[in-house]
Amino acid sequence: MSFLIRVQIPDRPGVLGSVATALGEIGADILSVDVVERGSGVAIDDMVVELPSGRLPDVLITAAESVEGVEVDAVRPYAGVLDTHRELELVEEIAAEPGHGLQIFAEGVPRIIRSGWAIVFGHRSGGAEQLAASTSAPQEGYLELPWLPLPRATILDGDEPWVPDTWQELGTELAATPIGKPDRVLLAGRPGGPMFRAAELARLAHLAGIVSVVLDG
């Protein structure tokens, strides 16, 4: 089974290699490594690893944190395709079928930023209207979204009253970005974390800006 493990490591030569060695010693096969954020002497990395059947994910935490200075932010099952750099492909897909652009965008975002799901909402006088959603998105019906319209990409508090109980119970981390205009937004959720980082939010906002040009051009 594959898992996504997010680690904070000292940003110096050899540390990532030591983590890889420690994971290898417990039989974990590293499928990909993606640098999420770097600064102040610390790097945040996402690692997709495969564990032999019968091994519990807790061993990943123990192994990674056996390296001095390493902290594990989160571990969660991961069944996504390793498409961390497919923004251009997604934009091309939307350009080819702009009439289905919002749906293509909603389906593509979880694969790019490794979220669990994504939903596109529009803001109307009566409240929020769901315009598109990934196949993995929760079915909540009507939602009150007090932060709509949204002027800029934002990491949202998953404990706010508007957040459905089921999302809170799963510890869902949330981020949203306008798609070209404040009354059309994409909401991304990560059940169980890890939290969205500033670099991920910037990446999502940049992608949404490009998509809006394609859709509205």
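Since the structure is predicted, the reported quantities are computational estimates derived from the model, not experimental observations.

Novice: Before we move on, could you go through helix α1 (residues 15-25) and cite the residues and values that matter?
Specialist: By the burial criterion, the buried members of α1 are Val 15, Val 19, Ala 22 and Leu 23. Axial view of α1: buried residues confined to an arc of 100 degrees, hence all on one face. In this structure, the buried residues of α1 make contact with β1 (2-10), β2 (29-39), β3 (42-50) and α2 (58-64).

Novice: Describe the sheet that holds strand β9 (residues 184-190), and please don't skip the residues or the numbers.
Specialist: One open sheet holds the five strands; their spatial order is β6-β5-β9-β8-β7, and the pairing between them is antiparallel. Looking at strand neighbours, the two that pair on one side only are β6 (127-133) and β7 (154-156), the edges of this open sheet. The mean angle between the axes of side-by-side strands here comes to 30 degrees, regardless of whether they run parallel or antiparallel. In terms of strand pairing, strand β5 (residues 117-124) meets β6 through six bridges, oriented antiparallel. Considered in β6, the bridge of Gly 122 is made with Glu 129. Across the sheet, helix α4 (residues 101-113) touches β5, β6, β8 (173-181) and β9, and the angle it forms with β6 is around 75 degrees.

Novice: Got a sec to walk through the side chain of Ser 115? Specific residues and values, please.
Specialist: Secondary-structure assignment places Ser 115 in the loop between α4 and β5. Side-chain polar atoms of Ser 115 contact the backbone oxygen of Trp 117, separated by 3.3 Å. Residues in contact with Ser 115, not counting those within four places in the same chain, are Arg 76, Val 109, Pro 110, Ala 188, Gly 189, Arg 190 and Phe 196.

Novice: Describe the pattern of salt bridges, with residues and values.
Specialist: Considering all chains together, one arrives at eight salt bridges under this definition. For the salt bridge of Arg 6 with Glu 200, the shortest nitrogen-to-oxygen distance reads 2.7 Å. With Arg 6 in strand β1 and Glu 200 in helix α6 (residues 198-216), this pair connects stretches of sequence that are 194 residues apart. Both residues of the pair, Arg 6 and Glu 200, belong to the buried class. The partner of Arg 184 in a salt bridge is Asp 216, with the nearest N and O atoms 2.8 Å apart. Of this pair, Arg 184 sits in strand β9 while Asp 216 sits in helix α6; the two residues are 32 residues apart in sequence, bridging distant segments of the chain. The exposure class of Arg 184 is buried, given its relative accessible area of 9%. Overlapping salt bridges, with partners in common, bring together Arg 6, Asp 46, Arg 190 and Glu 200 in one network.

Cut-off values and rules
Numbers given for residues are sequential positions, taken from 1 along each chain in its written order. This being a predicted model, a pLDDT of at least 70 is required before a residue's local features are given, and a value of 80 or more before pairs of side-chain atoms are given or counted; all residues contribute to the totals for chains, interfaces and linings. The basis for every side-chain value is the complete set of non-hydrogen atoms in the structure, without hydrogens or water. Only protein chains enter the area calculation, which uses a 1.4 Å probe; residues under 20% of their type maximum are buried, those over 50% are exposed, and those in between are partly exposed. Numbering of helices and strands runs from the N terminus; a helix is a DSSP stretch of H or I covering at least four residues, while a strand is a stretch of E covering at least two. Arc definition: it is the arc formed by the directions from the helix axis to the C-beta atoms. Residues count as neighbours in contact if any of their non-hydrogen atoms are within 4.5 Å of one another. In short, DSSP must find at least two bridges between two strands for them to pair. All axes are obtained by fitting lines to C-alpha atoms, using only the stretch in contact for helices, and the reported angles, taken between N-to-C directions, cover 0 to 180 degrees. Polar contacts here mean pairs of N or O atoms no more than 3.5 Å apart (in protein, one a potential hydrogen donor and the other a potential acceptor; neighbouring residues in sequence count only if both atoms are side-chain atoms). Salt bridge, as used here, is a side-chain nitrogen of Lys or Arg placed within 4 Å of a carboxyl oxygen of Asp or Glu.

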